[in-house]
Amino acid sequence: MKLRLGAAVLALSALGLTACGSDDNSGLPGAVRFSPKDVHCASGDRTLLASGSSAQANAMEVWVNSYQANCDGGRINYKATGSGAGVQEFLQGTTAFAGSDSELSEGEIEESRSVCQDEGRAIHLPMLAGPIAIGYNLPGVDGLVLDAPTLAAIFDSAIDRWDDPALARLNPDVALPDLPITAFHRSDGSGTTDNFTSYLRAAAPDAWPHEPDKAWRGRGGQSADGSSGLVGQVQQTEGAISYFELSYAHQNGVDTARIDTGGGQPVAADVDTASNALAQADVVGEDGDLVLDLDFATREPDVYPIVLVTYEIVCDRGNAPGTLPLTRAFLEYTAGEQGQRDLADIDYAPLSPDIVEQVRARVEELS
Amino acid sequence: MTRTAERAAERTAERPGDRIFSALSRGSGIALLVIMAAIAVFLAIRAAIAISRDEGNFLTTFEWDANADPPVFGIAVLLFGTVVSSVIAMAIAVPVATGIALFISHYAPRRVAATFSYLVDLLAAVPSIIYGLWGALYLVPRMGGLYDWLDQFFGWTGIFAYDGTPARSLMTVGILLAIMILPIITSVTREVFRQTPKSNQEAALALGATRWEVIRMTVLPFSRSGIISASMLGLGRALGETMAVATVLSPSFLINASLLESGGATFAQNIASQFKEAGSMGRDALIASGLVLFLLTLLVNGAARLIIARRKEYSGTAA
């Protein structure tokens, strides 16, 4: 019953316009009190407006509550409007920073030059990552194993039954039922879709001919609105499979598949295996822009390949002087040790040590 | 007001209240015009920007890829989905609503009628997201049986073919929309039925008409324009319904021959789904689709007015 209630709350929260907003059911989410050395409060009574990615909404909620519990006078208002809308608001100069699951296009970086003063431009600061789980509904089947080519074939309607030989080969010890597969994808534009299809494209280029995009490009299947919409459909449809952030699977008790990357044991989706993926990521941005490149086709053991990295978008120079101190103080905290430590409880993966060092250095240089 | 009456009004003493009230009501009228014009101009300008950059055909392309470079998008699927789901809703809701309204106004004992009126009004007060949740979590899993039956006997038409996947189709949306527009149609037609002149009804009774004949000969002809305007109010709501559709439908940019198979999209649902991740071009494209919905609604209302104007002489009054 508690699960059901949780699912209803989740569905309710998401069926508004926030795709991924959800509660972590522990009262005031994670308002952690910590020693003053962990957080440097900005002085002055200011409100910081920010908006964007709903994939990082849960983390932002914890971070904002913790920051405000420790600092007087600084208020942060993060609206989980979705990455696209968040970037638009940032480019119009109405917000101090944007949360985004995807890199800005070159056109958007050009546009940012008119918002950032002092010849500044928008840069990406990676702040956290989340494993994208493959959730399924097959009563009696635990620990399903899938690999990239079969996932691509399932989501492109090339495999449409659970007792398909390709699936049986990956799961030799499991009696797969004679059921049709109903694959659910996002009906709304989404960074989760973008990262999931990037994985399919990189790890199974033959089986997934479509370019990665926020909009779904696969063939067939059903769709639903928001991650919680997908979870809801998986829960009520026997034979369903879909993709969503790990927290949605945990909160709703949905089984998640392990991924056979070709590196020995199949890898389960959890915070540790996702952190391992982040540790291997390369920084590909230039001039202090910290865009990360994940190796989706990785074959390393214990590395979960389907990971979504989400960024904060700020100006490298010429941030609005009124909000700059608060922006810097807040991002210093989120990239700080305490801020990163708070993530694991809510199914997000913290950044790896060398990347987080670069982020901290960059935050300090913001002007 | 005729000119002589205006002059007469000028001659009478004006108190502050007169001036304030006339300014207020005139201001409200002007505000309405300004708001409508502002919406139309805003939609038209942004839509023009989007359509001029569209690499597909705005009317016939079966695709919505407005954030890509170059952008490709078209409203064919949206127009089809919106019209079809609304037509299904009307086909179900209008007869049922008329029946409920007749029951309340002419058949039910007074106390039952009052309870029924209350229930209908209550139905109108439920927010659409609640209908959406109910539709997605309760209605959809229970439609399979009906659709299997339709497929078995009418599947050969193509329209009612069903493949057994979750029933998140235009048909289910139409049924849900029918429930949602039922209260508004019912409450308006009920009021219209009640206004049928007693003398007409009593005259029919005096001629030996049964209750059904009274209704057929006096109530329905008198109320015809009222039923039409009530239906149009309902249709307006069905065309623009957003959250319930976005929750129940499994959107895709395809036109299915079968109404029972999942897929399709509507204007309002598509805007709600795509807006979050839309870039500036994507937004303008969505606004262009909004303009089409705006025009569609104007068209429907205009058509309704025409029909009502024609019927006016016949029924004696405009409801």
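Residues numbered from 1 in each chain as written. Chains lettered and ligands numbered in written order. Predicted model: local features only at pLDDT ≥ 70, side-chain atom pairs only at ≥ 80, totals over all residues. Heavy atoms only, no water.

Participant: So what exactly am I meant to see when it comes to the overall build of chain B here?
Facilitator: What chain B contains, in helices and strands, is 12 helices and two strands. Listed N to C, the secondary structure of chain B is α-α-β-β-α-α-α-α-α-α-α-α-α-α in terms of helices and strands. Overall, chain B is about 65 × 55 × 30 Å in size when its C-alpha atoms are taken along their principal axes. Taking as baseline every contact in chain B between residues at least 6 positions apart, the subset at least 24 positions apart corresponds to 74%. Carbon and sulfur atoms form 66% of the exposed surface of chain B, whose accessible area is close to 16500 Å². A distance of 14 Å separates the average location of the 25 positive side-chain charges in chain B from that of its 21 negative side-chain charges. (Helix = DSSP H or I, 4+ residues; strand = E, 2+ residues; numbered from the N terminus. Contact = heavy atoms within 4.5 Å. Areas by Shrake-Rupley, 256 points an atom, 1.4 Å probe, with all protein chains shown as cover. Lys, Arg positive; Asp, Glu negative; His and termini not counted. Charge placed at Lys NZ, Arg CZ, Asp CG, Glu CD.)

Participant: I tried to follow the interface of chain B and chain A on my own but got confused; where do I start?
Facilitator: As a measure of interface size, the accessible area lost when the parts come together is often cited. Each partner contributes residues to the interface: chain B has 26 residues there, and chain A has 30 residues. Counting the surface lost from both chain B and chain A, the interface buries some 2300 Å², and carbon and sulfur atoms represent 46% of this. Looking at the side of chain B facing chain A, the largest losses of area belong to Arg-168, Lys-276 and Glu-277 of chain B, adding up to 33% of the total buried there. At the boundary of chain B with chain A, the tally comes to three salt bridges. When the shortest N-O distance is used, the salt bridge between Lys-276 of chain B and Asp-188 of chain A registers 2.7 Å. (Buried area = accessible area lost by both parts, 1.4 Å probe. Salt bridge = Lys/Arg side-chain N within 4 Å of Asp/Glu carboxyl O.)

Participant: Is there a simple way to think about unusual backbone geometry in this case?
Facilitator: What you tend to see is this: most non-glycine residues have negative phi, and most peptide bonds are trans. Residue and element names in this part refer to chain A. In this structure, Asp-118 is a non-glycine residue whose phi angle is positive, near 55°. As for its placement among the helices and strands, Asp-118 is situated in the loop between helix H4 (106–112) and strand E4 (122–136). Judged by its relative accessible area of 58%, Asp-118 is exposed. Positive phi, normally seen in glycine, also occurs at Ser-157, with a value near 65°. By secondary structure assignment, the location of Ser-157 is in the loop between helix H5 (148–155) and helix H6 (165–170). On the accessibility criterion, Ser-157 (38% relative accessible area) is partly exposed. (Buried < 20%, exposed > 50% of the residue type's maximum accessible area, 1.4 Å probe, protein only.)

Participant: What exactly am I supposed to notice about the nonpolar core here?
Facilitator: It is characteristic of soluble globular proteins that their nonpolar side chains tend to be buried jointly. By size, the foremost hydrophobic cluster in this structure holds 113 residues, and its most contacted members are Tyr-67, Ile-134, Leu-151, Phe-155, Phe-196, Ile-241 and Phe-330 of chain A. Not counting chain neighbours up to four residues away, the residues in contact with Leu-151 of chain A comprise Ile-134, Leu-146, Phe-196, Tyr-199, Leu-200, Ile-259 and Ile-306 of chain A. Ranked by size, the runner-up nonpolar core spans 70 residues in total, among them Val-84, Ile-100, Tyr-162 and Ala-167 of chain B. (Core = buried A, V, L, I, M, F, W, Y, C linked by side-chain atoms within 4.5 Å.)

Participant: How should I be thinking about the pattern of salt bridges in this particular structure?
Facilitator: If charged atoms from side chains of opposite charge come close, those side chains can pair. Residue and element names in this part refer to chain A. Evaluated as defined, the whole model comprises 15 salt bridges over all chains. Of the charged contacts, one joins Asp-213 and Arg-217 as a salt bridge, the two residues approaching to 2.8 Å between their closest N and O atoms. A residue is classified by how much of its surface remains accessible, and Arg-217, at 29% relative accessible area, is partly exposed. In this structure, Glu-357 and Arg-360 form a salt bridge, with 3.2 Å as the shortest nitrogen-oxygen distance. Linking Glu-357 with Arg-360, this pair stays in helix H13 (residues 353–365), spanning three residues, or about one helical turn.

Participant: It is not clear to me how a nonpolar patch on the surface should be interpreted in this structure. Could you clarify?
Facilitator: All names here are of chain B. The grouping of Phe-103, Tyr-107, Val-112, Phe-116 and Trp-212 at the surface amounts to a nonpolar patch, some 460 Å² of accessible area in total. In this fold, Phe-103 is placed in helix H3 (residues 76–107). Residue Phe-103 is classed as partly exposed on the basis of its relative accessible area, which comes to 32%. (Patch = residues over 30% accessible without salt bridge, like charges linked within 9 Å, V, L, I, M, F, W, Y side chains within 5 Å.)

Participant: Looking at this structure, how should I read the packing of helix H8 (residues 198–206) of chain B against helix H9 (residues 211–240) of chain B?
Facilitator: Helix-helix packing is characterised by the crossing angle of the two axes and by the distance between the axes. Residues and elements named next belong to chain B. Relative orientation of the contacting elements H8 and H9 amounts to 150°, with a least axis distance of 9 Å. Handedness of the H8/H9 crossing: right-handed. Along its contact with H8, which presents Asn-200, Gln-201, Ala-204 and Leu-205, the element H9 presents Val-214, Met-217, Thr-218 and Val-219. Tallied by class, the residues present in the contact of H8 with H9 amount to five nonpolar, three polar and no charged. (Axes fitted to C-alpha atoms, helices over the stretch in contact; angles between N-to-C directions. Left-handed = near helix turned anticlockwise from the far one by under 90°. Nonpolar A, V, L, I, M, F, W, Y, C, P; charged D, E, K, R; others polar.)

Participant: I would appreciate a short explanation of the packing of H3 of chain B against helix H7 (residues 170–194) of chain B in the present structure.
Facilitator: It is the contact of H3 of chain B with H7 of chain B, at a shortest axis distance of 5 Å, that shows an interaxial angle of 40°. Classified by chirality, the crossing of H7 of chain B by H3 of chain B is right-handed.

Participant: Where do I start with the state of the cysteines in this structure?
Facilitator: A covalent bond between the sulfur atoms of two cysteines is referred to as a disulfide. Residues and elements named next belong to chain A. Within this structure, the stated rule accounts for two disulfides over all chains. A disulfide bridge connects Cys-41 with Cys-71, and the sulfur atoms are separated by 1.9 Å. Where Cys-41 bonds to Cys-71 through sulfur, the torsion about that S-S bond is close to -80°, and the disulfide is left-handed. Remark: Cys-71 occurs in the loop between helix H2 (57–70) and strand E2 (74–79) and Cys-41 occurs in the loop between helix H1 (2–15) and strand E1 (46–52); sequence separation between them is 30 residues. Residue classification places Cys-41 among the partly exposed residues on the basis of a relative accessible area of 39%. Residue Cys-71 is classed as buried on the basis of its relative accessible area of 2%. Here Cys-116 engages in a disulfide with Cys-315; their sulfurs sit 1.9 Å apart. Because the sign of the S-S torsion sets the handedness, a value of about -80° for the bond joining Cys-116 and Cys-315 places this disulfide among the left-handed ones. In this pair, Cys-116 sits in the loop between H4 and E4 while Cys-315 sits in strand E13 (residues 307–315), placing the two residues 199 residues apart along the sequence. Comparing Cys-116 with Cys-315 shows no difference in burial state: the two are buried. In chain A, the bonded cysteines, taken in the order they occur along the sequence, pair up as 1-2, 3-4. (Disulfide = S-S within 2.5 Å.)

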